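# Understanding the architecture of this molecule
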Amino acid sequence: MARRRTADAAIDCSDLSIARAGRGGPNQRVVDGVTFRLPHGRSLAVMGPTGSGKSSLAAVLAGADEPGLAVVGGEATVEGIPVRRPGRDHRYLTYYAGYLPQSAGARLPARLTVSDVIGGPITSRDRRVSSRALAVRVASLLDEMMLPLGAAAKYPYELSAGMRQRVAMARALVLQPRVLIADEPYANMDVEVRTAARDAILRRQRELGMAALVVTNQADVADELDADVLVLRAGHAVAYGHGIRDLLWTPSGEADRRLVGS
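A brief report on the enclosed structure follows. (Residues numbered from 1 in each chain as written. Predicted model: local features only at pLDDT ≥ 70, side-chain atom pairs only at ≥ 80, totals over all residues. Heavy atoms only, no water.)

Of all 10 residues in helix α3 (residues 114-123), seven are buried, a share of seventy percent or more. Those residues of α3 that sit buried are Val 114, Val 117, Ile 118, Gly 119, Gly 120, Pro 121 and Ile 122. In this fold, the buried residues of α3 make contact with α4 (131-144) and α5 (161-173). (Buried < 20%, exposed > 50% of the residue type's maximum accessible area, 1.4 Å probe, protein only. Helix = DSSP H or I, 4+ residues; strand = E, 2+ residues; numbered from the N terminus. Contact = heavy atoms within 4.5 Å.)

Okay, here's the thing in structure tokens:
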């Protein structure tokens, strides 16, 4: 893989609009005119009610293959790569951005072992990778996520929901991404292992300058990551600021304060 690009920001969105193709009807705009900038090494928590466009925004920025989703206005770059028409650079976008989709643990491929799941982003790009080096990388991530080394030979259905979620996070981090885009990253995790997952993010921010965009409605997640906060409602940005206590709300967003008050 080529050397990483030099970009002014990890993610830069300007008036970004995203639509989802309707079933037999017109396209539905799910994100409408969103603007924000995520510097290297920093975090952004995206909050809002169900259906506000949080997950669609995360999927598009990660370059995920989500049928029916498309950028229809504005622009956004991830590590300098445009998400609207990345062309051949799409493979670099998915290399630089580690993606943890919503319900990631439940979406793991059932026929692959945990070792194959975690190592997949590496082996899909380089068939000549050293099996020994890959095993060491997988073992290191299992340990970091507080998973037993014996889990490497198991299949996802043999693990608990919380363990599967940690496997999904290990997969998202295996390439040492420049940006982590994570949709409810701590789902099904108890307090102890959630701390390990959080520390994995903070360690990479501190040591590698990784940025993190996290979809969540938990105020403590934003606090722990010292994150800026973007609140969406019906695809529109209704509040933005650093942390939940320093948000600037639009007049129409006042009713949504309860979403970030706990």
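There is more to say after this.
This part takes up the pattern of salt bridges. Within this structure, the stated rule accounts for 11 salt bridges. One salt bridge in this structure joins Arg 42 and Asp 226, with 3.5 Å as the shortest N-O distance. Highlighted residues: Arg 42 in the loop between β2 (28-38) and β3 (43-47) and Asp 226 in the loop between α7 (219-224) and β9 (228-233), separated in sequence by 184 residues. The exposure class assigned to Arg 42 is partly exposed, which follows from its relative accessible area of 29%. (Salt bridge = Lys/Arg side-chain N within 4 Å of Asp/Glu carboxyl O.)

Moving on: the pairing of strand β8 (residues 211-215). When you tally the buried positions in β8, you get five out of five residues, the bulk of the element. Taking every second residue as pointing to the same face, both faces of β8 are buried, with Ala 211, Leu 213 and Val 215 on one and Ala 212 and Val 214 on the other. Taken together, the five bridges between strand β7 (residues 179-183) and β8 define a ladder with parallel strand orientation. Bridge pairing links Asp 183 to Val 215 in β8. In the classification by handedness, the crossover that spans β7, the intervening helix α6 (residues 191-208) and the parallel β8 is right-handed. (Pairing = 2+ DSSP bridges. Right-handed = clockwise from strand over helix to strand, strands pointing away.)

This part is about the packing of aromatic side chains. Following the criterion strictly, the structure yields three aromatic pairs and no others. Ring geometry for Tyr 92 and Tyr 96: centres 6.3 Å apart, planes at 25°, overall stacked. Taken as a pair, Tyr 92 and Tyr 96 lie in helix α2 (residues 90-96) at a separation of four residues, close to a single helical turn. Of the two residues, Tyr 92 and Tyr 96, both sit in the buried class. Ring geometry for Tyr 95 versus Tyr 96: centroids 5.7 Å apart, planes at 65°, classification edge-to-face. The class of Tyr 95 is buried, set by a relative accessible area of 17%. Counting every residue linked through ring pairs, the aromatic cluster contains Tyr 92, Tyr 95 and Tyr 96. (Phe/Tyr/Trp six-rings, centres within 6.5 Å; stacked < 30°, edge-to-face > 60°.)

Let us now look at the packing of α5 against α6. Orientation of α5 relative to α6, taken along the N-to-C sense of each, is 10°, at an axis distance of 11 Å. Looking at the two axes, α5 sits roughly parallel to α6. The segment α5 lies against α6, with Arg 166, Met 169 and Leu 173 engaging Val 193, Ala 197, Ala 200, Ile 201 and Arg 204. Split by residue class, the contact of α5 with α6 holds six nonpolar, no polar and two charged. (Axes fitted to C-alpha atoms, helices over the stretch in contact; angles between N-to-C directions. Parallel < 35°, antiparallel > 145°, perpendicular 65-115°, else oblique. Nonpolar A, V, L, I, M, F, W, Y, C, P; charged D, E, K, R; others polar.)

On to the sheet that holds β3. Adjacent strands of a sheet form backbone hydrogen bonds with each other and so pair up, either parallel or antiparallel. Read across the sheet, seven strands follow the order β6-β7-β8-β3-β9-β10-β11 without closing on themselves; strand pairing throughout is mixed. Edge positions in the sheet fall to β6 (97-100) and β11 (247-249), since each has one partner strand and no second. Across the sheet, the axes of successive neighbouring strands diverge by a mean angle of 15°, strand direction being ignored. Pairing of β6 with β7, which is carried by four bridges, proceeds in the parallel orientation. Bridge assignment links Gly 98 to a residue of β7, and that residue is Leu 180.

This part is about unusual backbone geometry. The phi angle at Glu 79 is positive, at roughly 50°, despite the residue not being glycine. The topology assignment puts Glu 79 in the loop between β4 (69-78) and β5 (81-82). Glu 79 gets classed as buried once you look at its relative accessible area, which sits at 1%. Its identity is not glycine, yet Ala 234 carries a phi of approximately 55°, on the positive side.

Let us now look at the layout of surface pockets. Approximately 580 Å³ is the volume found for the largest pocket. Contributing to the lining of the largest pocket are 25 residues, with Tyr 99, Leu 100, Pro 101, Pro 121 and Arg 171 lying nearest its centre. Residue assignment for the lining of the largest pocket shows that the elements contributing at least two residues are α2, β6, α3 and α5. Top element by residues in the lining of the largest pocket is β6. It accounts for four residues. The volume enclosed by the second largest pocket comes to roughly 260 Å³. If you list the elements that add at least two residues to the lining of the second largest pocket, you get α3 and α4. Ranked by residues supplied to the lining of the second largest pocket, first place goes to α4 with three residues. Grouping the constituent residues of the lining of the second largest pocket by class yields eight nonpolar, no polar and three charged. (1 Å grid on protein atoms, 1.4 Å probe; cavity = no way out; pocket = protein on both sides within 12 Å on 5 of 7 lines; lining within 4 Å. Points joined across faces, edges and corners; volume = space filled by probe spheres on them.)

Note that all results are geometric; they support no functional claim without further evidence.
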